[in-house]
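Per-entry structural report
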Amino acid sequence: MSDSTRPLEIPIGIDQIRDAADRLRGLAHRTPVLSCSALDQRVGASVFLKCENFQRIGAFKFRGAMNALLQLTEDERHKGVVTHSSGNHAQALALAAKLAGVPACVVMPHTAPSIKRQATKGHGARVVSCEPTVESREATVAQLMEEHGYTLVHPYDDWSVIAGAGTAALELIEDAGPLDVVIAPVGGGGLMAGTCLATAGTSPRTRLVGAEPARADDAKRSLEQGAIQPSHNPRTVADGLRTSLGRRPFAVLSRHLERIVTAEESEILQAMRFIWERVNIIIEPSCAVPVAALLAGRVPEIQGTRAGVILTGGNVDLDPMFQSLSERWLEKGR
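Overview of the structure. (Residues numbered from 1 in each chain as written. Predicted model: local features only at pLDDT ≥ 70, side-chain atom pairs only at ≥ 80, totals over all residues. Heavy atoms only, no water.)

On to the sheet that holds strand β9 (residues 259-263), then. Across the sheet, which stays open at both edges, the six strands sit in the order β1-β2-β10-β7-β8-β9 with mixed pairing between neighbours. Among the strands making up the open sheet, the edge pair consists of β1 (33-34) and β9. Along the sheet face, helix α12 (residues 265-279) touches β1, β2 (46-51), β8 (207-213) and β9 and points at about 85 degrees away from the line of β9. (Pairing = 2+ DSSP bridges. Helix = DSSP H or I, 4+ residues; strand = E, 2+ residues; numbered from the N terminus. Contact = heavy atoms within 4.5 Å. Axes fitted to C-alpha atoms, helices over the stretch in contact; angles between N-to-C directions.)

Below, the discussion takes up the sheet that holds strand β6 (residues 151-152). Two pairing modes exist for strands in a sheet, parallel and antiparallel, and in both the strands are linked by backbone hydrogen bonds. If you trace the four strands from one edge of the open sheet to the other, you get β5-β4-β3-β6, paired in parallel fashion. Strand pairing shows two members of the sheet lacking a second neighbour, β5 (126-130) and β6, which therefore form its edges. Looking at chain direction, strand β3 (residues 81-84) and strand β4 (residues 104-109) are connected through four bridges and run parallel. Along β4, the bridge assignment pairs Val81 with Ala104. Where helix α5 (residues 88-100) meets the sheet, it contacts β3 and β4, and its direction lies at approximately 165 degrees from that of β3.

Taken as a whole and judged by the stated rule, the model has 15 salt bridges. Here Arg273 and Glu277 are joined by a salt bridge, their closest N and O atoms 2.7 Å apart. Of this pair, Arg273 and Glu277 both sit in helix α12, four residues apart, which is roughly one turn of that helix. In this structure Glu277 comes out as partly exposed when scored by relative accessible area, which is 46%. Among the charged side chains, a salt-bridge network with shared partners connects Lys50, Glu52, Arg63 and Glu171. (Salt bridge = Lys/Arg side-chain N within 4 Å of Asp/Glu carboxyl O. Buried < 20%, exposed > 50% of the residue type's maximum accessible area, 1.4 Å probe, protein only.)

Another point: helix α7 (residues 134-148). Taking 1.5 Å as the rise per residue, α7 with 15 residues should run 21 Å; its terminal C-alpha atoms sit 21 Å apart, in good agreement. By the burial criterion, the buried members of α7 are Ser136, Arg137, Thr140, Val141 and Leu144. On an axial view of α7, the arc spanned by its buried residues comes to 125 degrees, and they lie on one face. Of the exposed residues in α7, those oriented more than 90 degrees away from the buried face are Glu135 and Glu146. Next to the buried residues of α7 lie β3, β4, β5 and β6. Two residues or fewer past α7, Gly149 is found with a positive phi of approximately 75 degrees. (Expected span 1.5 Å × (residues − 1). Arc of directions from axis to C-beta.)

What follows is the structure, given as structure tokens:
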């Protein structure tokens, strides 16, 4: 059996997630849990929204990046870290590295939203462009590690990152109380893996459901087929969920996840607008996916339950929207 197909042991659990929570205290925000009566009525359940769009850098990714950097050796801190990311993990690692005094280099696909690229540079990280494929990301990172001796802080396929991400679900359950189901989006799977481990360790009867864009359903197919199915740069508005499922998250999801549900592109945009208008907070397309699945009735046995949803981030490139508004009103004013 090859290394890529051999089942992985899972070396972390609720104890490591609680350790991560202790490390992050005073560094990561304890984000609010909100509810919305309009959403409850549409879904037929009491829905609790864990608002990681209010986290530092506007996304849950800061939790995992900071937890990983806090566990580096002195030699690793001196040489610096590298990662690849389409945006939120890039910003998270850049800020975490700035706070920890560690040099950081981030490989970003040239298709990454400009707002995320600018924010990453703004925190002091070096940004290196690559093609929007897993192969290009990994090859570029490998070359940089060889040249500079960087330590890789993977955006999702890293146990320290997974443990850090799991602190969001830990807080959700502590603040919302007992939940019947917890739903989170699945891209590379780090958040969902951490959510599974945190929930299983504190509320083992709670069901765990992942959500993906229908156009980027590699995690769903991976669980159905029992092996990781690669994602080949799918075309979805949920840019944070275009990556392939990682091997470590796959091991966790295979053991703990009840199912993965999907949402169509139009449903994702409608859910994003719903949250903007009815909850009055900004979320990005990737974190609208579980809300979209709920609104579309794709989460089974949801009626009358207490459901937790992790809203993963709020980093939206607003330039196109404001450009459209400007053009519209300038044209009307003529």
